[in-house]
Amino acid sequence: MILIGPPGVGKSTQSILLSRALGCRRFSVDARCSQAYRELAEVRRADRNVESGDEGDTLDLEQLRHSIVAEHGMAGWRRIYQRMKLAAITRAVEHGSGALVDFGAGHSIYHDPHMVARARDLLAPCPYVVMLMPYANIGDSVELLATRLERAGRPVSRAQLHHHVTHPTNFRLATDVVYTSTQGASQICRTLLKLLGIPRIIRDTLRLERSAR
């Protein structure tokens, strides 16, 4: 199962809960994307860490953006960034087999139709690409996410959140949508287990085991 959706919706939380419940690995695209990004020559040239020999370090995305914009312009950055995201999900598909995979919010957003098609092809082998969303209503989703992220000390502008919530690529990549606002984390986990076809008796057992921890 691959989880996608806007920032703050609970992708990481659910991938942790599901991986524990099912006894499988978790693959976080955000945690592993720097190495995938460095597969691009433009990123290697712009990345100061590579020049200093620290290739294992996490990329400073903002610093990287400034470097690439200086060489390629803003349009060039947008093209390269889409290729970076494709490299990250390619790595997730190749190395995340049998794992619960959670995307960073931006990794499921593409503007070039060709990139969208490539992303869909990459994800086609996975039968469950689930988009988590607080509400069907856009405004309610934006407000809930903005409040949640502010409380967590990770403020994101409402304009950015609106972009994430409404972007059509998420809906094109997703095989299913789960609305989360009326469910607690454990309830969402059970909903996702049900989507995977896990029988209720097993879902209840998993719930009891988690409660006992």
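As a reminder, the structure under discussion sits directly above these lines.
Residues numbered from 1 in each chain as written. Predicted model: local features only at pLDDT ≥ 70, side-chain atom pairs only at ≥ 80, totals over all residues. Heavy atoms only, no water.

(A) Geometry of the nonpolar core. Residues Ile2, Ile4, Leu18, Val43, Met84, Phe103 and Leu192 are the most contacted members of the largest nonpolar core, which totals 55 residues. Considering every element that reaches this core, the biggest residue donor is helix α5 (residues 61-95), with 10 residues. Beyond its immediate chain neighbours, meaning those up to four positions away, Met84 contacts Tyr37, Leu40, Val43, Leu61, Leu64 and Trp77. (Core = buried A, V, L, I, M, F, W, Y, C linked by side-chain atoms within 4.5 Å. Buried < 20%, exposed > 50% of the residue type's maximum accessible area, 1.4 Å probe, protein only. Helix = DSSP H or I, 4+ residues; strand = E, 2+ residues; numbered from the N terminus. Contact = heavy atoms within 4.5 Å.)

(B) Broad picture of the side chain of His164. For His164, the location among the structural elements is in helix α8 (residues 158-166). Every residue in contact with His164, bar those within four places of it in the chain, is listed here: Pro6, Pro7, Ala105, Gly106, Ile109 and Asn170.

(C) Here's a closer look at the packing of helix α7 (residues 138-151) against α8. It is at 9 Å that the axes of α7 and α8 come closest, and there the two elements cross at 125 degrees. In terms of orientation, α7 lies oblique with respect to α8. Considering the relative orientation of α7 and α8, their crossing is right-handed. Contacts from Ile138, Ser141, Val142, Glu143, Leu145, Ala146, Leu149 and Glu150 in α7 reach Arg158, Leu161, His162, Val165 and Thr166 in α8. Its residues placed into classes, the contact of α7 with α8 shows 7 nonpolar, 3 polar and 3 charged. (Axes fitted to C-alpha atoms, helices over the stretch in contact; angles between N-to-C directions. Parallel < 35°, antiparallel > 145°, perpendicular 65-115°, else oblique. Left-handed = near helix turned anticlockwise from the far one by under 90°. Nonpolar A, V, L, I, M, F, W, Y, C, P; charged D, E, K, R; others polar.)

(D) Broad picture of the sheet that holds strand β4 (residues 129-133). Overall, parallel pairing links the 5 strands, which are arranged β2-β3-β1-β4-β5 in an open sheet. Edge positions in the sheet fall to β2 (26-28) and β5 (176-179), since each of these pairs with one other strand and no more. Across the sheet, the axes of successive neighbouring strands diverge by a mean angle of 25 degrees, strand direction being ignored. Both β4 and β5 contribute to a ladder of 4 bridges, which runs parallel. What sits directly across from Leu132, in β5, is Val178. (Pairing = 2+ DSSP bridges.)

(E) A look at a nonpolar patch on the surface. On the surface, Phe171, Val177 and Tyr179 cluster together to form a nonpolar patch covering roughly 260 Å² of accessible area. Position of Val177 relative to the elements: it lies in strand β5. Residue classification places Val177 among the partly exposed residues on the basis of a relative accessible area of 34%. (Patch = residues over 30% accessible without salt bridge, like charges linked within 9 Å, V, L, I, M, F, W, Y side chains within 5 Å. Areas by Shrake-Rupley, 256 points an atom, 1.4 Å probe, with all protein chains shown as cover. Salt bridge = Lys/Arg side-chain N within 4 Å of Asp/Glu carboxyl O.)

(F) Quick look at the environment of Ala159. Looking at the element boundaries, Ala159 is found in helix α8. Along the sequence, Ala159 and Ala146 sit 13 residues apart, while their C-alpha atoms lie 10.0 Å from each other.

(G) Quick peek at the packing of aromatic side chains. Tallied over the entire structure, the rule returns 1 aromatic pair. Measuring from ring centre to ring centre gives 5.0 Å for Trp77 and Tyr81, while their planes differ by 10 degrees; the resulting arrangement is stacked. One end of the pair is Trp77 and the other is Tyr81, both in helix α5 and 4 residues apart, which spans about a single turn. Of the residues examined, Trp77 reaches a relative accessible area of 7% and is grouped as buried. Note on Tyr81: relative accessible area 22%, which makes it partly exposed. Of note, Lys85 hangs over the ring of Tyr110, and the distance from its end group to the ring centre comes to 5.0 Å. (Phe/Tyr/Trp six-rings, centres within 6.5 Å; stacked < 30°, edge-to-face > 60°. Lys NZ or Arg CZ within 6 Å of the ring centre and 35° of its normal.)

(H) Layout of the pattern of salt bridges. All chains considered together, the criterion is met by 8 salt bridges. The shortest N-O distance in the salt bridge between Glu42 and Arg83 comes to 3.0 Å. Here the residue Glu42 occupies a position in helix α3 (residues 41-46), and Arg83 occupies one in helix α5, the gap between them amounting to 41 residues. The class for Glu42 is buried, based on a relative accessible area of 15%. For Arg158, the salt bridge is made with Glu150, and the minimal N-O distance between the two is 3.3 Å. Salt bridges linked by common partners bring Glu143, Glu150 and Arg158 together as one network.

(I) Geometry of α7. Taking 1.5 Å of rise per residue, the 14 residues of α7 would be expected to cover 20 Å, and the 20 Å separating its terminal C-alpha atoms lies within 8% of that figure. Taken residue by residue, α7 has Ser141, Val142, Leu145, Ala146 and Leu149 as its buried positions. The buried residues of α7 occupy an angular sector of 125 degrees when projected down its axis, which confines them to one face. Against β4 and α8 lie the buried residues of α7. Gly153, located one to two residues past α7, shows a positive phi value of around 75 degrees. (Expected span 1.5 Å × (residues − 1). Arc of directions from axis to C-beta.)

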